[in-house]
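Examination of the molecular architecture
Below are the chains, spelled out letter by letter.
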Amino acid sequence: LPSVMWAQRPHLVFVTINVSDCDKPEIKVEKDSLYFKGTGGPEKKLYEVKLKFYSEIKEDTVKYAVRPRCIEFALEKVTEGPYWPRLLEDGTKQHWLKVDFSKWKDEDDSEAEGESGGDLEEMMRNMGGLGGMGGMGGMPGMGGMGGMPGMG
């Protein structure tokens, strides 16, 4: 199993799968689970993990980014609000799953969101959606190409 880290906000769950140099990972996100399979790391080992979430996430807004050192996911919770007590439905302690303290914020920390909140928004923007789902329909700036000003 790869090592997995997670963090959350009232409306988001972040999951980071620590597999470096992962080539063409197989990724499947459903409303209550995330499946990952990919080869990576120095030994080019095959890693596979299925996370069964504590609660449901929105399948249509999933964002993820395959980075050199890891694969990062930003998942929107279906119900915004109280923090999940844990990431997984199963309450037993998983030695491969850790809290990502670099992204973690406590529930009552919302006033101090400040800079790190901006980073996360930025991170979300920099991530692609799953196969360009959602929001890819009308590419902005592509509509008004017909009447280019100063052409006639």
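Worth saying up front: this structure is predicted, and the values here are computed from it rather than measured.

**Observations regarding the overall build of the protein chain**
A count of helical and extended segments in the protein chain gives one helix and nine strands. What you see in the protein chain, going N to C, is helices and strands ordered as β-β-β-β-β-β-β-β-α-β. Across the protein chain, every contact between residues at least 6 apart in sequence was considered, and the portion connecting residues at least 24 apart equals 59%.

**Focus: the environment of leucine 88**
With respect to the element layout, leucine 88 can be found in the loop between β7 (71–76) and β8 (97–99). Along the sequence, leucine 88 and aspartate 32 sit 56 residues apart, while their C-alpha atoms lie 9.4 Å from each other. Discounting chain neighbours no more than four positions away, the residues touching leucine 88 are Leu51, Lys52, Phe53, Tyr54, Gln94, Trp96 and Leu97.

**With respect to unusual backbone geometry**
Only a minority of non-glycine residues have a phi that is not negative, and only a minority of peptide bonds are not trans. The phi torsion at lysine 24 lies on the positive side, around 45 degrees, for a residue other than glycine. Structurally, the position occupied by lysine 24 is in strand β3 (residues 23–30). Notably, lysine 44 is not glycine yet its phi reads approximately 50 degrees, a positive angle.

**A closer look at the sheet that holds strand β5 (residues 45–52)**
Through backbone hydrogen bonds, the strands of a sheet pair up, either in parallel or in antiparallel fashion. In space, the three strands of this open sheet follow the order β3-β4-β5, with antiparallel pairing throughout. Edge positions in the open sheet fall to β3 and β5, since each of these has one partner strand only. Within the sheet, the average angular offset between the axes of one strand and its neighbour, ignoring direction, is 5 degrees. With eight bridges connecting them, strand β4 (residues 33–40) and β5 associate as antiparallel partners. Pairing of glycine 40 across the sheet is with lysine 45, part of β5.

**Describing the pattern of salt bridges**
Scanning all chains against the criterion turns up seven salt bridges. Across the salt bridge formed by lysine 58 and glutamate 76, the nearest N and O atoms sit 3.3 Å from each other. Note that lysine 58 is positioned in the loop between β5 and β6 (63–66) and glutamate 76 in strand β7, a separation of 18 residues in sequence.

**Details of the packing of aromatic side chains**
Scanning all chains against the criterion turns up five aromatic pairs. Measuring from ring centre to ring centre gives 6.1 Å for tyrosine 54 and tryptophan 84, while their planes differ by 50 degrees; the resulting arrangement is tilted. Here tyrosine 54, found in the loop between β5 and β6, pairs with tryptophan 84, found in the loop between β7 and β8; they are 30 residues apart in sequence, far enough to count as distant. On the basis of relative accessible area, tyrosine 54 is assigned to the partly exposed category, the value being 37%. Ring pairs connect the aromatic residues Trp6, Tyr83 and Trp104, which therefore count as one cluster.

Quick notes on the rules
Residues numbered from 1 in each chain as written. Predicted model: local features only at pLDDT ≥ 70, side-chain atom pairs only at ≥ 80, totals over all residues. Heavy atoms only, no water. Helix = DSSP H or I, 4+ residues; strand = E, 2+ residues; numbered from the N terminus. Contact = heavy atoms within 4.5 Å. Pairing = 2+ DSSP bridges. Axes fitted to C-alpha atoms, helices over the stretch in contact; angles between N-to-C directions. Salt bridge = Lys/Arg side-chain N within 4 Å of Asp/Glu carboxyl O. Phe/Tyr/Trp six-rings, centres within 6.5 Å; stacked < 30°, edge-to-face > 60°. Buried < 20%, exposed > 50% of the residue type's maximum accessible area, 1.4 Å probe, protein only.

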